[in-house]
Amino acid sequence: LATDEMDMSIEEAVARLRRDPGYVELFTRTFGRTPNEEDLARSLASYVRTLRTGDSRFDRFVDGDRGALSEFEIRGKELFQGRAGCFRCHRGATLSDEQFHNTGVAWREGELQDMGRYAISGEEADRGAFKTPTLRQVARTAPYMHDGSLATLEDVVDFYDGGGNDNPYRDPRIGPLGLDEDEKAALVAFLGSLTGVVSEGIRSPALR
């Protein structure tokens, strides 16, 4: 877990759990011990793995419903999968390659403000690199980037259209796109079609 993952230190998060008899009981029944950092991480990861999203208009389009997307959204899809190059990192069922990339979003005033994956791996290639997020539900998850530095999808498209922030570790696949305003708007419209139905919180009957 990151030190500020829950807008507080991990130690404070664990302390709060230990003060709640209900959570103490659940942790004890599940892990055989009171709340601690490792089991908190396991619990959060297990919950996140229950999240599912589907039946977006994009999914219906892929399944053969050609009327699920407007002509403008289809144009955005073609840009996404073509000249804009978004698909190179945002692909597959989750619209993520599950890899880490430096887009330059953490590069400000001539240096990295966040070391990203490098803080874990120690690998030079990971400096300023962050995991590719899924784009499912993206229209509902502002602000954007790992640090929330981009407020809208329009800001995100502008950021990538400009080639991200140039820095010594930037992913070589990222560069200026030269999109016009209509093309940018089409991309944003397409991203809106990725909003689907979310199901969450599969829970063991023993813990109800």
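Details of the structure are given in the entry above.
Residues numbered from 1 in each chain as written. Predicted model: local features only at pLDDT ≥ 70, side-chain atom pairs only at ≥ 80, totals over all residues. Heavy atoms only, no water.

Asks: Just give me the short version of unusual backbone geometry, but keep the residues and values in it.
Replies: The peptide bond linking Ala 142 to Pro 143 adopts the cis configuration, its omega dihedral lying at 0 degrees. Within the secondary structure, Pro 143 sits in the loop between strand S5 (130-131) and helix H7 (153-161). Its identity is not glycine, yet Leu 95 carries a phi of approximately 60 degrees, on the positive side. Relative to the helices and strands, Leu 95 is located in the loop between helix H5 (71-81) and strand S2 (100-101). (Helix = DSSP H or I, 4+ residues; strand = E, 2+ residues; numbered from the N terminus.)

Asks: Can you lay out the side chain of Asp 39 for me, pointing to particular residues and giving the numbers?
Replies: The topology assignment puts Asp 39 in helix H3 (residues 37-48). Within the structure, Asp 39 has its side chain in polar contact with the side chain of Arg 33 (distance 2.7 Å). Of note is the side chain of Asp 39, whose polar atom sits 2.5 Å from the side chain of Arg 42. When sequence neighbours within four positions are dropped, the list of residues in contact with Asp 39 reads Phe 27, Phe 31 and Arg 33. (Polar contact = N/O pair within 3.5 Å; in protein donor to acceptor, adjacent residues only side chain to side chain. Contact = heavy atoms within 4.5 Å.)

Asks: Give a detailed account of the pattern of salt bridges, specifying residues and quantitative values.
Replies: Tallied over the full model, the rule gives 18 salt bridges. A salt bridge links Glu 12 to Arg 16, with the shortest nitrogen-to-oxygen separation between them at 3.2 Å. Linking Glu 12 with Arg 16, this pair stays in helix H1 (residues 10-18), spanning four residues, or about one helical turn. Arg 16 gets classed as partly exposed once you look at its relative accessible area, which sits at 47%. Between Arg 42 and Asp 39 there is a salt bridge, with the nearest N and O atoms lying 2.5 Å from each other. (Salt bridge = Lys/Arg side-chain N within 4 Å of Asp/Glu carboxyl O. Buried < 20%, exposed > 50% of the residue type's maximum accessible area, 1.4 Å probe, protein only.)

Asks: Explain the environment of Asp 171 to me, using residue names and the numbers behind them.
Replies: Tracing the sequence through the fold places Asp 171 in the loop between H7 and helix H8 (181-192). Residue classification places Asp 171 among the buried residues on the basis of a relative accessible area of 10%. Between the C-alpha atom of Asp 171 and that of Glu 183, which follows or precedes it by twelve residues, the distance is 23 Å. Here His 101 takes part through its side chain, which lies 2.7 Å from a polar atom of the side chain of Asp 171.

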